[in-house]
Amino acid sequence: MTKAWVLAGILVIAMCALTPRGGAQQKQKKDAAVSGQKQDAGAQPKGTKDAAGHEWFNHAVFYEIYPRSFADSNGDGVGDLKGITSKLDYLQHLGVGAIWITPCFPSPQVDFGYDVSDYEAIDPMYGTLADFDELVAKAKAHNIKIILDFVPNHTSDQHKWFLESKSSKTNPKRDWYIWRDGKDGKPPNNWTSTFGGSTWTLDPTTGQYYYHYFYAQQPDLNWRNPEVRKAMLDCMRFWYKRGVAGFRLDAVDTLFEDPDLKDNPILPGLDKFGFPNEHEIYNKKLPEVHDVMRDMRKLADEYDAVLIGETWTANVSELRDYYGEKNDELQMPMDLMLTQFPKLSAPQFREHITALEDAGGWPVFVISNHDIVRSYTRWGDGKNNDQIAKLAATMYMLLRGTPIMYYGEEIGMENNDPKRKEDVQDPQGRRGWPKEIGRDGERTPMQWNDSANAGFTTGKPWLPVGPNFKTHNVATESKDPNSILSLYRKIIALRSSEPALREGKYVELNGGDPNVLAFARQDFGGQTVIVALNMSESAQSVKLELGKVAAPSARAATLIAVGAKASPGDSATISLEPYGVYVAKIDSRLR
Ligand code: NOJ
């Protein structure tokens, strides 16, 4: 290690110690190692930290796989574990360090796996436990870690625990779920399900209602019961022992309900299913959630595992709570707020990114997932869609934090929404049609090539492939150096090879610009990468505030320019075509 790097390491440690609420940054380790070498983030062993106190998950690119839709190895039209295993070379080449697989446990598939009927097995539709073990082992050989999706809020109504619980009022598992008497022949209170209708369903066997925040087939567990806590933590342990590197935790906001079941205040208007809007103060984000997060974290720490939260929050301060007051809850609560921005807008994105940066903690921005319209469709303008996808890729991969890509994002997959109610698979869409069309559109088969069914299956795919599969697929885009996929590969490689992008702080540039989002990433060793993204449909010329991050004489070397160029002899002045993207590295020593 050179002297300069040792010095850089000491500086980083000093800076981190001074950060008031620095999330992972506050954690130090005696065996800190500083390296400016290109690193494969997935290869960083679990439990080791670098000079900034960062662990493997701070550096890895995560990739979400919806197993039904990724790769089908047996021609039944539904993806499976062997299909995922067969694509590990592709994922490694892309630069992925961890894959999050949405639930693949036995399930009646009412909510496509989010209704789990056995937490310690694999649904035969996806394969066997032996297939899972093979996936873990082969992924390890590819430096890819496996993250499973844990559903703590509810089970399937076919889970043996619920079948026992509903069998009689005196069954020992009765209190594992939330059972109550009705009121004058009506449900116990006014709470409505996020999937439509009352959260209460009457069970004729015992004459009581059970509570379900989601579908009636997804009864909520009673997390106030210590036996439930123990049983669920044991399920997590089962998978840790099989080699999983962490969990994405589903629906953590709704783990607890007010024990007195007070009515929620009613808000004006109706929800998508025609029921009154409510302010969910009595069945969402109750403080007890944090006790469970701490328990799960303690267990995760035993295995050097990471916890990712499905944390829907209205603002940054709510999100901040999920890291824990002592950073002892989730290492990666997802910031899902960017997905609510309907269009690109430099001021709106800038404001949000700055707010998150100011809050401390390690950012986990999300731009797409299996519940949200794909970013390609959401942010596309119908004219510059590919260019916009490249802009989104650059922003997403180069912001500070850990990205969680959604499968197909890297090739510009778009939503393929059902046109007729009879074609809808997602019950949410069948129930809410036409106001709520469901989530089929963002769950269509991965587009591997331009053959029939996009190479996803030899059978009939469970959902029709997207309309752009002939042009937007892995095989075609791999051959094109200017494709969205080629840009993703390049930019992910850059993320891991540039120390400023791995560890560097975020510095806002040109904060008042209404069209161009510009920022720098700067590490303590004197390296800086600058990024300028034209979020408008018209050409822009921008003079970047390089003085904020470099000496006046600094020169920048272009790393990526798509629809952009710097003025000859003036690294700060950049011309950007509509949605143009510019990334450069400043070489000089910094102020
Ligand atoms: C969030 C999951 O992402 C979604 O797909 C599911 O329907 C609900 N939680 C219920 O588990």
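Preceding this paragraph is the structure being described.
Each residue is numbered by its place in its chain's sequence as written, counting from 1. This being a predicted model, a pLDDT of at least 70 is required before a residue's local features are given, and a value of 80 or more before pairs of side-chain atoms are given or counted; all residues contribute to the totals for chains, interfaces and linings. Side-chain measures here rest on the full set of heavy atoms in the structure, leaving out hydrogens and waters.

Should DSSP find at least two bridges between two strands, the strands are taken to pair. Helix numbering and strand numbering both begin at the N terminus, where a helix is a DSSP run of H or I of at least 4 residues and a strand a DSSP run of E of at least 2. Pairing is parallel across the open sheet formed by seven strands, whose spatial order is β11-β10-β7-β3-β2-β1-β12. For this open sheet the edge positions go to β11 (332-333) and β12 (404-406), each flanked by a neighbour on one side alone. The pairing of strand β3 (residues 145-150) with strand β7 (residues 246-249) spans four bridges and is parallel. Looking at β7, one finds that Phe150 is bridged to Leu249. Contacts: residue pairs with any heavy atoms within 4.5 Å of one another. Here an angle of 0 to 180 degrees is reported between the N-to-C directions of two axes, which are lines fitted to C-alpha atoms, with helices fitted over the stretch in contact. Its contacts with the sheet place helix α5 (residues 129-141) against β2 (98-101) and β3, and it is angled at close to 140° to β3.

Let us look at the packing of helix α7 (residues 226-241) against helix α8 (residues 289-302). Relative to each other, α7 and α8 sit at 30°, their axes nearing to 11 Å. If you check the angle between α7 and α8, you find them roughly parallel. As α7 packs across α8, the resulting crossing turns out to be right-handed. When α7 is examined against α8, the residues Arg229, Leu233, Met236, Arg237 and Tyr240 are found in contact with a partner set consisting of Asp291, Val292, Asp295, Met296, Leu299, Ala300 and Glu302. Between 65 and 115 degrees an angle is taken as roughly perpendicular, under 35 as roughly parallel, over 145 as roughly antiparallel, and anywhere else as oblique. The crossing is said to be left-handed when, going from far helix to near helix, the turn is anticlockwise and less than a right angle, and right-handed when the turn is clockwise.

Now for the side chain of Ser69. Mapped onto the elements, Ser69 comes out in the loop between β1 (62-65) and α3 (81-86). Three exposure classes are used, based on accessible area relative to the maximum for each residue type with a 1.4 Å probe and protein chains only: buried under 20%, partly exposed in between, and exposed over 50%. Here Ser69 falls in the buried class, since its relative accessible area comes to 0%. Polar contacts involving the side chain of Ser69 include one to the side chain of Trp462, which spans 3.1 Å. Once residues within four sequence positions are removed from consideration, Ser69 is found in contact with Gly79, Tyr407, Arg443, Thr444, Pro445, Met446, Phe456 and Trp462. Any N or O atom pair separated by 3.5 Å or less is treated as a polar contact, with the protein-specific requirement of one donor-capable and one acceptor-capable atom, and with residues adjacent in sequence counted only for side-chain atom pairs.

Pairing is antiparallel across the open sheet formed by three strands, whose spatial order is β4-β6-β5. Because the sheet does not close on itself, it has two edges, and the strands there are β4 (179-180) and β5 (200-203). Sheet topology note: the β4/strand β6 (residues 208-211) ladder contains two bridges and is antiparallel. Counted as the bridge partner of Arg180 is Tyr209 from β6.

Moving on: the pairing of strand β17 (residues 556-567). In this structure, β17 lies alongside strand β18 (residues 570-586), joined through ten bridges in antiparallel fashion. Residue pairing across strands places Val562 opposite Val581, the latter belonging to β18. Where β17 hands over to β18, the hairpin turn is made up of two residues, of which Gly569 adopts a positive phi near 75°.

Every residue near the ligand is listed here: Asp111, Tyr114, His154, Phe195, Phe214, Arg248, Asp250, Glu310, His370, Asp371, Arg439 and Arg443. Here an oxygen atom of the ligand and a side-chain polar atom of Asp250 are 2.8 Å apart. Between the ligand and the protein, one listed contact pairs an oxygen atom with a side-chain N or O atom of Arg439 at 3.0 Å. Split by residue class, the shell around the ligand holds three nonpolar, two polar and seven charged. We call a residue near a given molecule or strand whenever any one of its heavy atoms falls within 4 Å of it. Each residue gets one label: Ala, Val, Leu, Ile, Met, Phe, Trp, Tyr, Cys and Pro are nonpolar, Asp, Glu, Lys and Arg are charged, and the others, such as Gly, are polar.

The buried fraction of β3 is high, at six of six residues. Here β3 shows two buried faces, one formed by Lys145, Ile147 and Asp149 and the other by Ile146, Leu148 and Phe150. Bridge count between β2 and β3: four bridges; the pairing is parallel. The residue bridging Ala98 from the neighbouring strand is Lys145, located in β3. Following the backbone out of β2, through α5 and into the adjacent parallel β3, one traces a crossover that is right-handed. Looking down the strands as they point away from the viewer, one classifies a crossover as right-handed if the path from the first strand across the helix to the second runs clockwise.

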